[in-house]
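Chain by chain, the residues run as shown.
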Amino acid sequence: MYIYEPFKVSEKLRDPRPYGILCKVEEEGRRETRAVVAPYSNDWEAVCRLAETCTALQVCPEELLLMITDTGQH
């Protein structure tokens, strides 16, 4: 099962787009990170919605960049 989670980079970096998405896979009760989309957005709520959508649709990690492009969040 794929689980997508939003994340924020350290405020010390002062990135104008501090939010990104992690893709984790849950197997046998353990979660491992499979993909990371480096911070690409300054809209936390939009990143959270996209993470929820990707989890609900079980988007494969290879399709994550396409989802971001399609939502215009880049």
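For the structure itself, look to the data block above.
Residues numbered from 1 in each chain as written. Predicted model: local features only at pLDDT ≥ 70, side-chain atom pairs only at ≥ 80, totals over all residues. Heavy atoms only, no water.

## Focus on the overall build of the protein chain
Secondary structure assignment for the protein chain yields two helices and three strands. Each helix and strand of the protein chain, ordered N terminal to C terminal, gives the series β-β-β-α-α. Relative to its length of 74 residues, the protein chain is compact, with a C-alpha radius of gyration of 12 Å against a globular reference of 11 Å. Across its three principal directions, the C-alpha atoms of the protein chain cover 35 × 25 × 20 Å. Summarising the internal contacts of the protein chain: among those between residues at least 6 apart in sequence, 44% fall at separations of at least 24. Just so you have it, the protein chain exposes about 5000 Å², and 49% of that area is on carbon and sulfur atoms. (Helix = DSSP H or I, 4+ residues; strand = E, 2+ residues; numbered from the N terminus. Rg over C-alpha atoms; globule rule 2.2 N^0.38 Å. Contact = heavy atoms within 4.5 Å. Areas by Shrake-Rupley, 256 points an atom, 1.4 Å probe, with all protein chains shown as cover.)

## Here's the deal with the environment of leucine 64
Along the chain, leucine 64 falls in helix α2 (residues 64–71). Linking leucine 64 and alanine 35, residues 29 residues apart in sequence, is a C-alpha distance of 8.6 Å. When neighbours within four sequence positions are excluded, leucine 64 is seen to be in contact with Tyr4, Ile21, Val37, Cys54 and Val59.

## Points about the nonpolar core
With 15 residues, the main nonpolar core has Tyr4, Ile21, Tyr40, Leu50, Cys54, Leu64 and Ile68 as its most contacted residues. Taken together, the elements giving at least two residues each to this core come down to β2 (19–27), β3 (30–41), α1 (44–57) and α2. The element contributing the most residues to this core is α1, with four residues. (Core = buried A, V, L, I, M, F, W, Y, C linked by side-chain atoms within 4.5 Å. Buried < 20%, exposed > 50% of the residue type's maximum accessible area, 1.4 Å probe, protein only.)

## A word on the environment of alanine 38
Position of alanine 38 relative to the elements: it lies in strand β3. Assessed through its relative accessible area of 48%, alanine 38 is described here as partly exposed. Alanine 38 sits 28 residues away from serine 10 along the chain, and the two C-alpha atoms are 12 Å apart. Aside from chain neighbours lying at most four places away, what touches alanine 38 is Phe7, Tyr19 and Gly20.

## A closer look at the state of the cysteines
One pass over the structure, following the stated rule, counts zero disulfides. In this model cysteine 54 remains outside any disulfide bridge; the closest cysteine sulfur is found in cysteine 23, 8.3 Å from its own. (Disulfide = S-S within 2.5 Å.)

## What to know about the sheet that holds β2
An order of β1-β2-β3 is seen for the three strands of this open sheet, with the pairing classed as antiparallel. What marks the edges here is a single partner per strand, and that holds for β1 (2–8) and β3. Mean inter-strand twist for the sheet, computed between neighbouring axes without regard to direction, equals 20°. Pairing of β1 with β2, which is carried by seven bridges, proceeds in the antiparallel orientation. Bridge pairing links proline 6 to isoleucine 21 in β2. (Pairing = 2+ DSSP bridges. Axes fitted to C-alpha atoms, helices over the stretch in contact; angles between N-to-C directions.)

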